[in-house]
Every structure is written in C-alpha cells, then in structure tokens.
Amino acid sequence: MSRPPLPLSLSGLEGAARAALDPGAFGYISGGAGDEWTVAENIAAWQRLSILPRVLTGSGKADTAVDVLGTTMPHPIIVAPMAYQRIATPDGEIALTRAAAATSTTMCLSTLSTVSAHDVAIAVPGTHLWLQVYVFTDRELTHQIIESALASGYSALVVTVDFPVSGRRQRDVDSGFVVTQAVPAISATGMDGAFQPHQTQSQIDPRLSWTDIAEMASRYSVPLLVKGILTPDDAVRAIDAGAAGIVVSNHGGRQLDGSAATATVLAGIVDAVAGRGDVMVDGGVRRGSDILRALALGASAVMVGRPLYWGLAVDGATGAQVVLELLLDELANALILSGANSARALHRGFIGPA
Ligand SMILES: Cc1cc2nc3c(=O)[nH]c(=O)nc-3n(C[C@H](O)[C@H](O)[C@H](O)COP(=O)(O)O)c2cc1C
C-alpha cells in the first residue's frame, strides 16, 4: 500500500503530526508556556513585518549563501536543538540529522538528545554539527558531554541560558504527559542511565552566571553561542563574556509566557551587538519569507524548531527533509520576488511599515 503524499506546507504537516502522535506527545512538542501568547506572537510578529520588494533587479536566480561564524553556509537555516526526538520517530536525532545532511543544513543537537553526540556523528558522517549545552549542576558531567562532542567533530557550542527552571506548560499539565512515558532513558550524555528524563530539570544549574559563560568561552576551542537572549543589554554582556554570537530566542514560547516575540526585538539587538558577533534568531519561523525578514533585520541565520519535529512525526527523516526543502524553496522564491536575489544583499530597506 502506498503512503499518502506528505502535506506540502508546514501548517499541513502540523495537522498530520497531530493525527500521527498521541495527544500528550503532540501537546509536548507543539505547546508552550501559560496561555501560549508568546508561541502565537512569535509567528504573528514575523507576519506583521511587511516587505518592500524591488523590481527589475536580476536574473531570476537566488543565492541563499550566508556567512556564519566566519564560514560560508549554503543557506541560513539551522536545526534548532530539541529534546527527546525519539518521541516522534524511532531513530530520533539520527533521523533529523539525516534530513539536515541531505539539505546541507547545520544540525544543532540538544544536550537532552536520546542518542549520544558521538553516535549521531558516526551515523551521519559529514554533517555540520553543533552541540546545544545545558549546563548541569554537575560541571564535570557537563564538561564530559562537551569534550565527547568536540572529539566527534562538533564545531560550535550553543549554551542555552533561558532555562533556570522549566516554564509551566499548560498542555502538559492538562495531559499529564511526562517524557519518561515515551523515552526510556537519556543517552544524550553518552552515559545511559545517568539520570532519567523527568530528572533533567533538576540537573540544569539555575545559578549559571556570566562568569560561567566567560569561563566556558575561554575553555573550549570552538565558538560559543549564547541562546535565549531577548534584550540588547544581555546580548552585549554575552559578547563581552567572549561569546562568538547569540541566538535571539524565547525558547519557542515554552519558558516565560508574555516574553517578547523575537521578531520584535531582533533589530535592536543587532544594533547593540554592532557586528561584534553573529546574531541568530528563532521562534515562529514558518515561511521562507520569515527567513528573508530575519536576514533583512540583520540576523545571519535562523533556527527552526517545531516544524521539524512535526516532519519527524509524520515520516521520520523524509518528513523532516520535506520541511527543510519547503523552507529552502520558499526562501529562494522570496529572494527573487523581493528583488534582493542574494541573501547577503538583504538589508533593513527591505522591511516596510508594520
Ligand atoms: C519539543 C521541543 C524541545 C525543545 N528542546 C530544547 C532543548 O533541549 N534545548 C534548547 O535550547 N531549546 C529547546 N527547544 C527550543 C528550540 O531550540 C527553539 O528555541 C524553538 O523551538 C524555536 O521556536 P519554533 O519551535 O517556533 O521554531 C525545544 C523546543 C521544542 C518545540
């Protein structure tokens, strides 16, 4: 029996993921904190930014290449770090890494992966890999996780700083969903049984400080990015602490509901960083035109989260690859239609009134 064709929009894939997963798992993936105002605003704020296209500018071809951390990337999409991907598909993080590799996309693996950083690197050789870091109270364990990833070729560390405690996720409260039901053990650490998923929140150090960031930035040989920045002041502090860049993020609206939508704070943060580091952004990126808006405001790349999880749930690596290909096709189309043609040619003049 042949499979039904995959939906060819991200919102269509969300509907298919809802049908494919049990309600608790779908709620964990798609939900956010509180009333999910920030979840919705993340999407709406991109849509409110109008675009000012230029006409008669080019060849009808798009160049999506961008410069990130001093290297050229073929396009500006990065896989956002997301925990426990075996909830969606048996291969978990390996499936998403395959989709990333097939589209020359950088894969940022979560500390809370269900496959070790080493095993991901072995399973999909040649992938451009970054490691997201939750700093645990057990600093030795944190260090071991990082060292193991670096030895496997991971080329940047993305330290998440907006998780002193978990946000209150109403859908999980209502469904009673806990990750242990779906994922038997954390092996992200490469240390099976180090602790169980429901224990991870208490392992993440709520007292992480700027001094720790500075110490980590100087300790490791690869660039360090600070993920979870929403104000210009914090962006500057991160760069002053030695970060090579930041990710403007409210954790996809999963932490403090009411936090500003990332599209609304991006430009001010880009201005404050003033070229001293790379500024990336995530939250609510659902169309190629959203990526165009982010780059025009000064981001060097975007991270995409939930849509990839939906793709995994619907058809594993193939489903996630469809998400990436859709976004890449839409971005190329938007670049041509905006008259910028090249991602590097975008600037604030392409953004019109809200
Ligand atoms: C199911 C799920 C798990 C996540 N796990 C992590 C994580 O382990 N570490 C992290 O830094 N961010 C995590 N995030 C946040 C994402 O990295 C990203 O900031 C967010 O999903 C972007 O918003 P979007 O989903 O609207 O694209 C998670 C997000 C989701 C949806």
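The rules behind the values
- Residue positions are given per chain, counting from 1 as you read along its sequence in written order.
- Totals for whole chains, interfaces and linings use all residues, but because this is a predicted model, local features are given only for residues with pLDDT of at least 70 and pairs of side-chain atoms are given and counted only at 80 or more.
- A run of H or I in DSSP counts as a helix once it spans at least four residues, and a run of E counts as a strand once it spans at least two, with each numbered from the N terminus.
- With C-beta atoms placed from the backbone, a residue is buried if 20 or more other C-beta atoms are within 10 Å of its own, exposed if 12 or fewer are, and partly exposed between those counts.
- Whether two residues are in contact is decided by their C-beta atoms, placed from the backbone, lying within 7 Å.
- A set of buried Ala, Val, Leu, Ile, Met, Phe, Trp, Tyr and Cys residues, joined to one another through C-beta atoms within 7 Å, is what we call a nonpolar core.
- Pairing between two strands requires that DSSP report at least two bridges joining them.
- Orienting the strands away from the viewer, one traces the path from the first strand over the helix to the second; a clockwise path indicates a right-handed crossover.

(A) A look at the overall build of the protein chain. Regarding its fold elements, the protein chain presents 13 helices and ten strands. Reported as C-alpha extents along the three principal axes, the dimensions of the protein chain are approximately 60 × 55 × 40 Å. The buried share of the protein chain, reckoned over its 354 residues, is 53%. Within the protein chain, contacts between residues at least 6 apart in sequence are counted, and of these 73% link residues at least 24 apart.

(B) Up close: the nonpolar core. Val248 and Val302 are the most contacted members of the largest nonpolar core, which totals 116 residues. With 17 residues, helix 13 (residues 306-338) is the largest single contributor of residues to this core.

(C) Expanded view of the pairing of strand 4 (residues 106-109). Of the two faces of strand 4, both are covered, the one formed by Thr106 and Cys108 as well as the one formed by Met107 and Leu109. Both strand 3 (residues 77-79) and strand 4 contribute to a ladder of two bridges, which runs parallel. The partner of Val79 across the bridge, within strand 4, is Met107. Following the backbone out of strand 3, through helix 4 (residues 93-102) and into the adjacent parallel strand 4, one traces a crossover that is right-handed. Taken together, the three bridges between strand 4 and strand 5 (residues 129-133) define a ladder with parallel strand orientation. The residue bridging Met107 from the neighbouring strand is Leu129, located in strand 5.

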